[in-house]
Every structure is written in C-alpha cells, then in structure tokens.
Amino acid sequence: MRGSYTRRNFLAMGGGLSLAGLLSACGSPVATSLTGGQPATADVIFWHLFGGGDGENLGTMVEQVQKTTGHSVESTLLSWGNPYYTKLSLAASSQRPPDVAVTHLSRLPILAQAGLLTPYRETGLEQLGVTQDKFTPAAWEKATIDGETWALPLDTHPFVLYYNEAAAEKAGLLNPAGDNLIDISGADTFVEALTELKKATGGFGATMPTITDPSTVWRWFYTVYSGLAGPIVEDSGTRVSVDDAAMDEAFAFIQKLTTELQLMPASATPALANAQFSNGEAGFLFDGVWNLPLYAGLKLPDGSELKYNMVPIPALLGEEPVAYADSHALIIPAAGGRSAERAQYAAQFVQGLLDNSTIWTGGGHVPAWLPVQESAEFQELSPQKNYVDAAFNAVYDPNGWYTGAGSDFQNQMGGVVSTVLTGATKPAAGTSQIKSALKKLADTNAPVS
Amino acid sequence: MTTTTTAPAVAQVRTTSAETTGRDNKAGWLFSTPFLVLYGLFLVGPVLVGLVISFFNTATVKNELGAFVAFENYTAVLGNLDFWKSMWHSTLFTLLTVPFLVVLPLVAAILASRIVRNRWFFRIAFFAPFVVPSASVALIFAFLYAPEIGLFAKVLGGIGLPVPDFLGSTNGAWLAVTILTVWWTFGFNFVLYTAALQDIPEDTYEAAAIDGASAWQQMRSITVPLLRPTIGLVLMLQILASLKVFDQIFILLAGGPNLTTRPVIQYIYDTGFTTYRGGYAAAATMVYFLILVAISAVWMIATRRRGADA
C-alpha cells in the first residue's frame, strides 16, 4: 500500500470509468437495460427467423431499404419457431422489443391478444400509402382479428402440387400449351389422374412425407378437409367446431390414396418422399412452395434435368379449390418509449421491405403486396406466377392461442393424420382422436383471449 | 437485573455474554446481508410470487394476475401426460448420469491423489471442463456428434463400428447427453472427493502399511469407509443436480427428437414462456419443487438416523 494509489482506489476508478463509458451513450444496451428504455443501437432494430436462402434474400432486401431510406438497420436472426416467438414475446412484454419483427400470420393471434403489438392504424403506414386494397385479401383478413389489423403480410406460402412435367405428359395430364395441368378437380378425376401417373412412373402417382413430418401431413389433411368445412375450432380456440361427416370423408379419401389404391406411399419419411419425386418415381409431390429451391436444377437418374412445375392443388372433395397456407408478415411490437421519429423509421422500413419483395419471391413465396405481385417482373417468374391463385384461396390454421407454425397443436394434429395415412387408424377413429385432442386444448384455461 | 442481590456477579456475567452475543449477531447479520438480500430478491421472492400466481390464470406477458382459479392449475398439471412424461425424462437422465458421476470422479480422485509429481496438473485437468459455460459445451458436442462430419461419426465409422444417430434418435440423444454431462460436470464431484481424501490422515495408511495391508486392502478398509459421508453427500447433490437438468438438453436437442428428451424444466419453460401460461407453469414448478423437497427430506432423515446410530 505505498503511494497514493491503493488497489482499492484503482479498482474504484477503473470501475467508475468503465461504467461512465457504458452509460455515456444513453442509447447503449447497458444504459437502457437499467433505465428500462429501448436500446437504440441503430435507427431500426429488426428481428427475423430466416436462415438459408430466405435469410440471404431478406439480407439483400434490407440493404436495398437502407440505401433508399438512409436509415441504419440492425438485423438479428434468431432460431426459427418457438425460440423466436418466446424471445419476441418476452422482449415485447418487458418493453424492449425490436422496432420491426417478422411473424407467421398463424402465430399472430396470441401476440395480438397479449397486447404486444402496435395496431396498424397507429403505425402511420396508412399515410405512407400502405393500405388494405394493396394486399392479397386472404392474407389481410388473417392479419385482422376482431376488426383490428395487426400485421402487414409480406407473402403467402401455400401448400401446392409439384408435378414432374415428363410424367404428366406421359400420363396425358398436360394441357396443350404444356405449361399447366389439364383440369383434374373433383375426387374421382383426381384419383384417375393419379392412376395414370402411377402407370407412367412405374412407382407412385403422387408422394409426400407421411411419417416423422407432422406439419406436412397436417397441411395436406387441412387442405382436403377445408374443401368441405370451416375452421375446426372457433372463438379463439375455445370451442371445437369439427364437422364430423366432413372429417370422416376427408380422412377416408386420403387413406384410400395411400392404403387401398396405393397411389401414394403409406409410409414415407421426408427424405424418401424427396427422393421419389427427384428421381421421377412419383409424378406429383404435395409440399410447401418454400421447397422450390430444393428441386431446382436436379438431375434425374438418366442424367436429364428434372423438369417440374408447381400449381395449386385442385378442388378435391369440395366445389372450390383451397390451399393450406401461412404468411410471413411484418409487425411493429408495442413499445411505450418509442419516439415518434423511430416509429416513423419503422413504418418506412416496413414499406421498403414490401416494395422490395420481388427479391423475396426467390424462396417460392407469393408476394402479398399487390404492386409487386402484379408487376411485370413477377409475372415473368415461373413457376411462382403459376400458383398465385393459391394465395387467394388460402386457408390458415384456425385462430387460437395454441395454433400456428411450429406449434404443439400441429404436432398433435399431424400425429393423428400420420397414423391415418399409414393405415394404422381408421378414418372415424382419426376424427374422434382429433376431436378429443382439440377438446383438451379448448378446455385449457386460455392465457389470453 | 437489580432484583437479584444474592448473585450479582452471575447476572453481570450473563449481561456481558448477552451483549457480546448481541454484538456478534449484529456483525453476523451485517455480513450475511448481501447474501440475504440477493437470496430474498432472486429466490424467496420469486418462489412466493410463483406460489401466488399458481392459483391464478396468469398470462406471462401481461402485467396482471388474471382470474382466480383455485386449484385448477394443479389438477391440470397432475392430470397432464406431457408433464409426467417430462418428469420421467428428468428421472431417466438422473438414473443415467448419477452412477457415472458418483463413481468415476471417486476413482479419478483416488488415482490423482496417488500421483506424486505435478499433481496440480491432473487436478486442474479434471476440473477444467466444469467451468465451461453450458452453451459452449453444448455447441462443442453438437460439432462432435454431427452425423457424417462429426468426430464421433468419423472415428466410429473409421474403425467400422456402427455410429449411433446421436441427435436424431431418442436412444442416441440420451447417450449423447449422458456423455456430455459426465465429461462436463465430472470435475465438481472430483473436487469434493479430492478434498475429502486430503482429510484422511497419512498415518492411518502408514499404520496399515506397517501391518502389511496391500494397496487394495487400504483402499477398501480405509479410504472408502472414511469417504462414506462424502460419497453420500455427492450422491445427494448429484441426484438433485441431475433432476434439475435443462441447459444441455435444451441447447443440444431442444428436448427432441419429438420431445422425447424434454426435461421437466423445459416443459415448464415451454408452457410458461412460449405459450404464456404463467399460472399453469407456476403450478407445475410447485409440484416439481415439492418432489425435490421430498427427496431432500428423505435423505436428511436417512443421514440423521445413520448419524444417531453411529
């Protein structure tokens, strides 16, 4: 302890200096965590859940918007699914949310009902010309809960029909122009078409994962069921509204295709279904549009390129075609301390992303922003332009606090559908299993309503 | 104090001792304050809050209690299959890890204590993994377990052994998480054993050696019996620690594949934070807490009885 500097003094001084440094920029995360404000490390703080190709496309869009608006943007990529929504919810409920975030429209109800979002009419987007008439109606409707709109749809990504062009031609299913299928709507016509395809490929008429992929089988089932009846739960998920006859019929139909007629594999993992379509052993594939990049440029076993197209799934049991779909949408989480200036930046950022959503369609998504959807640039994009109708006939997960992308609800429903597809469960038993699972969810005390 | 005239000295002594105790107590409380404040703020407080909201339908993301539901949350938890499944996963993890984590560190500690030169190196080497944060450990092992390209896949495949599907199958996932946990938390028990070994007086061994006891006999008749209280302590701490598993399973597997490894804490996390069911999750926490308390109580009664017998 010699001299005027004791160790204690030194430490105190060092600590004081570093604390002062951290606090000096009042927007720094350390300072805001103490004061309870929002960190302000960039003009716009943006959270999303896209890796891979979608992530790259989004990165390009963000760069474009930064150039046009001149605002700095801090993008954060978080793990897809529940981890993302958990972090987003907790950040918003503790008043430190990002300025703009991405959500699936199927996950919107719980976020909106928990009061975590800024309603559209308070975002200032209307003044910027971002209005209802410029969105795909089905997506806008899903973004609206009890008359209040909470999100700006970026895209619709429906569940569609992929077809192998060579197989479809061999089976006589291609239209004269060769750019689409002939009309194969109606259950009987559809079964005939699959029978012809099965002959043409020597394998299966169609394929899709039937096991270990609950979300995909759920999308397929809900597409078929929704041709006949409305949502399976209502009143924010608190009332089961299954149409028994319709559900029995839907289950019987999808089971007939796999077990009785063997037009589709009864037991296929995602990898197997992927291989069957890629190798030309199945004429159709039912899958989400986001898997478009997966099949681009693939080679068939004989060395030629896999030529395929994507179209909406035709009407099967009902009169009108429906497509199970979800949408990515942009939300502005509610934050008490957000300045008017930052709110304005957030709105401009959302507008910018919508304007640049042509880039986004590279991932197979149909843009929800009509100025882009109707642009010449998008209208030239194939196969994207071929399934735009599916976005207009979109059916989403029913509204409820437990439904949506990556939810346990989809796992439970898909689990039942899977056993019906493999033949382990009879259609009527499938219906009662779905109903009892739904009853349990509906009877649970809802955290928000 | 003035009423007793016959024995003033006694009274005086008493006063002084009371005063000192009082002063000691004051100092004691003062020294304990930082701990007590943190303990109250981050442990007792939240437990009480949790107890209260377990009787309400509280949404985690809202600043309100929600509707009073009495014991509804508790009956829902007790009747929920997923809760019991995750309780079983935590128990299974305990059964898988405790034997290794009680026995292996003991063996390692005995071996390390026999090393004469550079003993410090071995002690640090065994303890080092314990200080690595869970996220880092999980990421390192995720690389090791990766199919096709991971070290395990390469080495096992290279010598022609079947490679378990570490991250994609339930059995493989349990194996993966057990290996990770044993490697990672081994060091803590190792230190406890090492400390206990140092407490055994050298002369006991010397006396035994003079009587012609072999090394094995010395270990069986001296080391292990004298370590028995420590083994009991390690066993209990390890059971409690293993039942509390969360980090490594959550980060490495997210409770997968298909929630077949989801421990009870992740179940509480999922219901409480992902689906906002704060009241329900609090009730699940209380049930789980009571189970842990019951296990600790059984152990305390057992050790007290053994202590009384001795």
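Procedures and definitions
For every chain, the first residue of its written sequence is number 1, and the numbers climb from 1 along that sequence. Just so you know, chain letters begin at A and ligand numbers begin at 1, following the order they were written in. Whole-chain, interface and lining totals are the exception, using all residues; otherwise, since this is a predicted model, local features are given only for residues with pLDDT of at least 70 and side-chain atom pairs are given and counted only at 80 or more. Side-chain descriptors were evaluated using all non-hydrogen atoms of the structure, hydrogens and water having been removed beforehand. Numbering of helices and strands starts at the N terminus; helices are DSSP runs of H or I of at least 4 residues and strands are runs of E of at least 2. We compute the radius of gyration over the C-alpha atoms and compare it with the globule rule, which gives 2.2 Å times the number of residues raised to the power 0.38. Exposure categories follow from relative accessible area, calculated using a 1.4 Å probe and restricted to protein chains: below 20% of the type maximum is buried, above 50% is exposed, and the middle band is partly exposed. By the convention used here, residues are in contact when the closest approach between their heavy atoms is within 4.5 Å. Residue burial considers only the protein chains on display, and all accessible areas are found by Shrake-Rupley using a 1.4 Å probe. Counted charges follow a simple rule, with Lys and Arg positive, Asp and Glu negative, and His plus the chain ends left uncounted. To locate a charge, the coordinates of NZ of Lys, CZ of Arg, CG of Asp or CD of Glu are taken. A pair of strands is labelled paired if DSSP reports no fewer than 2 bridges between them. When two parts are put together, the accessible area they lose, computed with a 1.4 Å probe and summed over both, is reported as buried area. Any Lys or Arg side-chain nitrogen located within 4 Å of an Asp or Glu carboxyl oxygen qualifies as a salt bridge. Any N or O atom pair separated by 3.5 Å or less is treated as a polar contact, with the protein-specific requirement of one donor-capable and one acceptor-capable atom, and with residues adjacent in sequence counted only for side-chain atom pairs. Lys, Arg, Asp and Glu make up the charged group, whereas Ala, Val, Leu, Ile, Met, Phe, Trp, Tyr, Cys and Pro make up the nonpolar group; the residues left over, Gly among them, are polar. Orientation is described by lines fitted to C-alpha atoms, with helices fitted over the stretch in contact, and by angles between N-to-C directions that extend from 0 to 180 degrees. In a helix, the anticipated span is given by 1.5 Å times the number of residues less one. What we call the bend at a residue is the angle made by axes fitted to the seven residues finishing there and the seven residues starting there. The split into domains, and so the bounds of each, comes from an automatic or database assignment of domains.

All right, on to the overall build of chain B then. Looking only at helices and strands, chain B has 12 helices and 0 strands in total. From first element to last, N terminus to C terminus, chain B shows the α and β order α-α-α-α-α-α-α-α-α-α-α-α. Against the 2.2 N^0.38 benchmark of 19 Å for 310 residues, chain B shows a C-alpha radius of gyration of 26 Å, more extended than a compact globule. Taken along its principal axes, the extent of the C-alpha atoms in chain B is 90 × 75 × 35 Å. Out of the 310 residues in chain B, the part that is buried amounts to 35%. Residue pairs in contact within chain B that sit at least 24 positions apart in sequence constitute 67% of those at least 6 positions apart. By element, 71% of the accessible surface of chain B is carried by carbon and sulfur atoms, the whole surface being about 18300 Å². Each charge class in chain B can be summarised by its mean position, and for the 18 positive and 15 negative side chains these summaries are 2 Å apart.

All names here are of chain A. Of all 7 residues that make up strand β11 (residues 282-288), 7 are buried, and the element is covered over most of its length. Pairing of strand β7 (residues 155-164) with β11 involves 5 bridges; the strand directions are antiparallel. Of the residues in β11, the one forming a bridge with Leu161 is Phe286. Both strand β8 (residues 204-207) and β11 contribute to a ladder of 3 bridges, which runs parallel. The residue of β11 that forms the bridge with Thr207 is Leu285.

Further remarks concern the interface of chain A and chain B. At the interface, 18 residues of chain A touch 16 residues of chain B. Of all residues in chain A, Thr86, Asn445 and Pro447 of chain A bury the most surface against chain B, accounting for 34% of the area lost on that side. If you look at where chain A meets chain B, you find 0 salt bridges. Seen at the junction of chain A and chain B, the total is 4 residue pairs in polar contact (both at pLDDT 80 or more). If you list the elements that add at least two residues to the side of chain A that touches chain B, you get α4 (82-93) and α5 (108-113) of chain A. Looking at side-chain class alone, the side of chain A that touches chain B contains 9 nonpolar, 7 polar and 2 charged residues.

Before going further, it helps to spend a moment on the sheet that holds strand β14 (residues 328-331) of chain A. Residues and elements named next belong to chain A. Within the open sheet, the 5 strands sit side by side as β2-β1-β3-β14-β6. Their pairing is mixed. Each edge of the open sheet carries a strand with a single partner, namely β2 (73-77) and β6 (152-153). Taken together, the 4 bridges between strand β3 (residues 100-104) and β14 define a ladder with antiparallel strand orientation. For Ala101, the partnering residue across the bridge sits in β14 and is Ile331. Along the sheet, α4 makes contact with β1 (44-48), β3 and β14, crossing β3 at roughly 135 degrees.

Here we take up helix α10 (residues 244-260) of chain A. Structurally, the α-helix is built with 3.6 residues per turn, so residues lying three or four positions apart point the same way. Residues of α10 of chain A that are buried include every one of Ala246, Met247, Ala250, Phe251, Phe253, Ile254, Gln255, Leu257 and Thr258 of chain A, and no others. The distance from a side-chain oxygen at the start of α10 of chain A to the backbone nitrogen of Ala245 of chain A is 3.2 Å, and the residue carrying that oxygen is Asp243 of chain A.

Residues and elements named next belong to chain B. Between its first and last C-alpha, helix α9 (residues 215-243) extends only 36 Å over 29 residues, short of the 42 Å set by a 1.5 Å rise per residue. In α9, a bend of some 55 degrees at Arg228 exceeds every other bend along the element, and Pro229, a proline, comes one to four places later. For α9, the complete set of buried residues consists of Gln218, Ile222, Thr223, Leu227, Thr230, Gly232, Val234, Met236, Gln238, Ser242 and Leu243.

With domains assigned, chain B is organised as domain 1 (1-49) and domain 2 (72-309). Measuring from the centre of the C-alpha atoms in domain 1 of chain B to the corresponding centre in domain 2 of chain B gives 39 Å.

Okay, the domain arrangement of chain A next. Many authors give the size of an interface as the accessible area that is lost as the parts come together. Residues and elements named next belong to chain A. The domain boundaries assigned to chain A delineate domain 1 (37-153 + 328-367) and domain 2 (159-324 + 401-443). Using C-alpha coordinates to define each centre, domain 1 is positioned 31 Å away from domain 2. Counting residues at the interface gives 11 residues for domain 1, matched by 11 residues for domain 2. Together domain 1 and domain 2 conceal approximately 830 Å² of surface at their shared face, both sides included; 56% is due to carbon and sulfur atoms. It is Ser106, Arg107 and Gly364 that lose the most area in domain 1 upon contact with domain 2, and together they represent 38% of the buried surface on that side. Run the count over domain 1 and domain 2 and you get 0 salt bridges. Linking domain 1 with domain 2 are 3 residue pairs in polar contact (both at pLDDT 80 or more). Here the residues of the side of domain 1 that touches domain 2 are counted per class, giving 2 nonpolar, 8 polar and 1 charged.

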